[in-house]
Structure formats: structure tokens, C-alpha cells
Amino acid sequence: MTEKMLTFVHLEQKYPHKRDADERRRDFDEIYQGFETDAAASQSSRCSQCGVPFCQAHCPLYNNIPDWLRLTTEGRLEEAYQISAATNNMPEVTGRICPQDRLCEGNCVIEQSTHGAVTIGSVEKYLTDNAFANGWVKVPAPTSENGMSIGIIGGGPAGMAAAEQLRLKGYAVHIYDRYDRIGGLLVYGIPGFKLEKHIVERRVKLLEDAGVVMHTEFEVGRDATLAQLRAKHDSILIATGVYKSRDLMVPGVGLKNVYPALDYLTVSNRHGLGDAVPAYEDGTLNAQGKNVVVIGGGDTAMDCVRTAVRQGAKSVKCLYRRDRANMPGSQREVANAEEEGVEFVWLTNPEAFVGDDAVTGVRAVKMRLGAPDAGGRQTPEIIPDSSYTMDADMVILALGFEPEDLPALFEAPELGVSRWGTVKIDFRSMMTNLDGVFAAGDIARGASLVVWAIRDGRDAADRMDEYLLARKDVAA
Ligand SMILES: Cc1cc2nc3c(=O)[nH]c(=O)nc-3n(C[C@H](O)[C@H](O)[C@H](O)COP(=O)(O)OP(=O)(O)OC[C@H]3O[C@@H](n4cnc5c(N)ncnc54)[C@H](O)[C@@H]3O)c2cc1C
Ligand code: SF4
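Residues numbered from 1 in each chain as written. Chains lettered and ligands numbered in written order. Predicted model: local features only at pLDDT ≥ 70, side-chain atom pairs only at ≥ 80, totals over all residues. Heavy atoms only, no water.

Enquirer: Go over the sheet that holds strand S8 (residues 315-319), please, and point to the residues and values.
Expert: One open sheet holds the 5 strands; their spatial order is S6-S14-S7-S8-S9, and the pairing between them is parallel. Lying at the two open borders of the sheet, with one neighbouring strand each, are strand S6 (258-260) and strand S9 (343-345). Strand-to-strand twist of the sheet, defined as the mean angle between neighbouring strand axes without regard to direction, takes the value 25 degrees. This element, helix H14 (residues 261-272), spans S6 and strand S14 (394-397) of the sheet and lies at about 80 degrees to S6. Where helix H16 (residues 299-310) meets the sheet, it contacts strand S7 (291-295), S8, S9 and S14, and its direction lies at approximately 170 degrees from that of S8. (Pairing = 2+ DSSP bridges. Helix = DSSP H or I, 4+ residues; strand = E, 2+ residues; numbered from the N terminus. Axes fitted to C-alpha atoms, helices over the stretch in contact; angles between N-to-C directions. Contact = heavy atoms within 4.5 Å.)

In C-alpha cells:
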């Protein structure tokens, strides 16, 4: 046994109760690089095969986790991969970026019994990375063509998952995306230190090799209307995600160097991808040497603070109006950010951004949690006379996202949307109010998770297939 493996076994034996999921994940991902097979088998063997797979029930894809853990323990890695891939179009992605502490791992019975969850995500990621390395991942090409064509608007995880499932069923599939790369937020939102971009590119290439036609830099609304696409294809899937940043209405919000989170993250991701990005190179959207203040308490805010640290910011603060226990972001991400030197300023809200031309500070006010609202969540209240100003050369607003006005954008005023602007679908058929037009992912569900986008994409593919086969029967 190697020295590294001996250390791993030693730690597992010495501190089985004390080491939390994060420590185990770090061991798996960092210390045991090159020894992942041993680490995967070691982690998988910790699964008690309890017979009440809460992990599976809390995975949006209902992944057959106990079976692939058992096969991994037995060294049957190709079979384990096949089972993992049977319900998931990109296990190497979800294994990396699912908030497992809220999903599968958080509900592992071993975790519940305080012994620390099996690192399901790390094993899932390993199985597919290993399958790619061994040539076990096959191009999702159909055995025969069925003569029908599908247009998918949006090449994020929902669009990609639907494209794969529909292509396998024999449809000609076209993805239209306004970006220059396919992948949606997997490419331009989520930072590369959480999800390496070549992992996404590898998936996109598989789809291209299967014959999915990618129309990049094609914006529906600018380059074609929805009606024009409907005339071209037998059915349409809208999977455009949600991109309108929530605003903050305080004085000074228009000052220079106050940016929406996605502008900041997109520039950083483009730079990481090797694109020429003047806004990064001239220092505009680069945190190096700056006092950065990020406003918000969700996962996007965590991505911004951790990106700013990596860019060499002088200081990074995260302002959130509630306390740690009530923040929407993952506790794991907060712990990671704290470890990296981010200062969290809880129960604090910006009152104004100060500066003449560019921002020089944030005037903040202290908050306390008051009476619960109708939903049972305590409402933050301002503590009078508690204002103070902190230095800031760069402010990033990470307050969440809303849908764009799709009926106007697509020149389709008849397209039904909810009062939040999400595209309305019938939850059984996943069809909008327009015949043959379906919707999936964030644009139908509201800002959510990659794993839910994959699930929606898969479900939409099945519903579209049922719809088109039924229509074909009627026509015959
Ligand atoms: C910063 C950030 C970090 C995140 N981190 C995580 C994480 O760690 N884990 C996790 O599970 N989830 C995370 N999420 C959420 C996750 O990324 C989304 O839930 C998921 O990507 C939604 O997938 P989607 O396919 O519905 O939309 P998207 O991924 O948004 O893809 C939509 C695509 O549609 C295209 N499009 C939009 N409008 C048009 C148009 N008019 N014409 C043509 N194309 C169009 C866009 O260019 C885009 O490529 C994060 C989100 C953000 C913003
Ligand atoms: S897809 Fe996400 S929730 Fe499901 S098993 Fe994988 S990491 Fe866990």
C-alpha cells in the first residue's frame, strides 16, 4: 500500500467520527490525486447498503446510488459508471457542483448517525472521469433517424440534457444559443475552480459528435422570432435560464465600479478560458489589489467572493442582511470562503454607495431579525443610528436573478408566463400554452440548480417524444 493510502486509512480509522464531509472530500480530491480508485473504493465501502436509500430519494435524478457504490467497492467500475449514467446526463458535473450537503449526502444514514456521509459526489465524479479515461463513454448517437426535428432555445444543462435524450430517440436536434459557447451557466456563471471548463467542453463535443447542430451566437428575438423557429421544427423547447439581475435601489448604485455579479463572473470565466477580455486586462472587472464588497448571501455571492480572493483582492467582505443561520447559500461554501479569508458581515444592509465618480465606500446599517413574516421567516429590521461606512473600490451585487420578458423578447405576446415571469407549463405535459412549445430548467422553475435543470431536460424530452408520437399516430 502506498504512503498516501496508508495515511488515508490511518485518518479514517483514527477519526471516523470527527472528520466531516468536507474533510473527506478534500482528502479524496486533493491528497489522493492519482489514487482516486483506492479512495473511491474506500469511500464506497462505507455505504451500509441500508435498504432505505434516503440518498437516492433526495437526489432530484433519483440516481441509483447504493448500487453504484456497491459496484465501485467490488471494483466493477464500468458497470458502476453505466448505472450512474443511466439517470444522469453529466454525472461528472453534478459530482463536482451539486450542493450534496443539502441533497444526497445530507440524507445519507451514516451522516444521520453522526459518522460523516459517504462522499457520494466525489465517487460520482470519479466514476465518469474514469469512464472517459477508459473510453467507456459513448457518443449518444441514435440507431435510426425518425425524420422529425426539434429546436432547443438555450444550451445550458437543461437544453443539453434534453438534446442528448432526444437525439438518442432519433430526432434531428438543433440548439440555438446567444453565447459563443454551449453550456450556459456551466461555462459563464459557475467559476472554473468549482467546475473546470474542459469538463463541459467534453460533453458539448459528445453532443456535436452525435449530430446535434449547434447554432451559437444566435439570439432568439434578434436573429429569429419564436414563430419562425416553430415553423422550422416539429417542436420547440425553451430552456433559456434566468438572467435579469435583481436591482438594489439605493443612492449611488449608478457609481462606477458597482457591477452585477454575472458581469463580473462572466469576465472572469472568459479570462480563464483564454479569451481576450479588455475589461479584465485594463483592471475594470478585476479585483486585484482592491477592497471588494459583495452584497448578497446566496451561492452566487459565494462564487464572487471566492473569485475575488483568487484574483488577489486586498480585502473581500460579504454583506448579508440576515444572519448565518438564515442565509440561502450553502454552509459548505461559506466555510470554504471563510477559510480563504473572506470576511462575512452578517445582519448588515447597504444604505448607500458613496463616492464622486467611482465608488469609494459602502454606507451600511446594522439589522436585527424581527417578527416572522407570513412564510415564517424572520424579517430583518434596521437598528436605528447604526450606520457606518466601509472602504470599497469595487462593489458586486449578487441579489439573485429573474426571468427576462420572454414574450416581448421572442415577439410572442401570446406565450403564457407566471406573475414572476417564468414560462408557464402544464406540469404533467411540460408544454406551454403554445402547441408543441415546451419549457424546462430555470426559465420554467425559477433560479434553481444544475441537477434540477438536467432532470427537467430529461423529462421534457420524454414529454416531447410522447407528444410527437401521438401527433404522428393521428396523422397516419
Ligand atoms: C454564479 C452562479 C453559480 C451557480 N452555481 C451553482 C452550483 O454550484 N451548483 C448548482 O447546482 N447550480 C448552480 N447555479 C445554478 C445553475 O447554474 C442553474 O440552475 C442552471 O445552469 C440552469 O440551467 P438552464 O439550462 O435552465 O439555464 P442556463 O444554464 O442559464 O442556460 C440557458 C442558456 O440559454 C441561452 N439563452 C438565453 N436567452 C436566449 C435567447 N434569447 N436566445 C438564445 N439563447 C438564449 C443562454 O445563453 C444560456 O446558454 C449557479 C448559478 C449561478 C448564476
Ligand atoms: S446528482 Fe447530485 S444529488 Fe444526485 S447523487 Fe449526484 S451529487 Fe448527489
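Enquirer: Any chance you could break down the site of ligand 2 for me, citing the residues and the numbers?
Expert: Taken together, Cys59, Asn63, Ile65, Asn88, Thr94, Cys98, Gln100, Leu103, Cys104, Glu124 and Val451 form the complete shell of residues around ligand 2. Residue composition of the shell around ligand 2, by class: 6 nonpolar, 4 polar and 1 charged. (Near = heavy atom within 4 Å. Nonpolar A, V, L, I, M, F, W, Y, C, P; charged D, E, K, R; others polar.)

Enquirer: Could you give an account of the pairing of strand S1 (residues 149-153), with specific residues and numbers?
Expert: Counting buried residues along S1, 5 of its 5 residues qualify, which places the element largely inside the surrounding structure. Burial along S1 is two-sided: the residues Ser149, Gly151 and Ile153 and Ile150 and Ile152 are all buried. Sheet topology places S1 next to strand S2 (residues 172-176); 5 bridges connect them, and they run parallel. Counterpart to isoleucine 153 in the pairing with S2 is tyrosine 176. Running through helix H10 (residues 157-168), the crossover from S1 to the neighbouring parallel element S2 is right-handed. Bridge count between S1 and strand S4 (residues 235-238): 4 bridges; the pairing is parallel. Across the sheet, isoleucine 152 pairs through a bridge with leucine 237, a residue of S4. (Buried < 20%, exposed > 50% of the residue type's maximum accessible area, 1.4 Å probe, protein only. Right-handed = clockwise from strand over helix to strand, strands pointing away.)

Enquirer: Got a sec to walk through the site of ligand 1? Specific residues and values, please.
Expert: Taken together, 34 residues sit near ligand 1, with Ile97, Asp177, Lys194, Tyr243 and Asp442 positioned nearest. In this structure, an oxygen atom belonging to ligand 1 sits 3.4 Å away from a main-chain N or O atom of leucine 449. If ligand 1 stood free it would expose 1000 Å²; the protein chains cover 97% of that surface. Broken down by secondary-structure element, the contributors of at least two residues to the shell around ligand 1 are H10, H16 and helix H20 (450-475). A class-by-class count of the residues in the shell around ligand 1 yields 18 nonpolar, 10 polar and 6 charged. (Polar contact = N/O pair within 3.5 Å; in protein donor to acceptor, adjacent residues only side chain to side chain. Areas by Shrake-Rupley, 256 points an atom, 1.4 Å probe, with all protein chains shown as cover.)

Enquirer: Tell me about the packing of aromatic side chains, residues and numbers included.
Expert: Going through the model one piece at a time under the given rule, you end up with 5 aromatic pairs. An angle of 10 degrees between the planes, with centres 5.1 Å apart, marks the rings of phenylalanine 344 and tryptophan 346 as stacked. Under the relative-accessibility criterion, phenylalanine 344 is labelled buried at 12%. A relative accessible area of 19% means that tryptophan 346 is categorised as buried. By the ring-pair criterion, three or more aromatic residues cluster together here, those being Tyr179, Tyr188 and Tyr243. Lying over the aromatic face of phenylalanine 132, arginine 202 brings its terminal NZ or CZ to 3.8 Å of the ring centre. It is arginine 310 that lies over the ring of phenylalanine 193; its NZ or CZ is 3.8 Å from the centre. (Phe/Tyr/Trp six-rings, centres within 6.5 Å; stacked < 30°, edge-to-face > 60°. Lys NZ or Arg CZ within 6 Å of the ring centre and 35° of its normal.)

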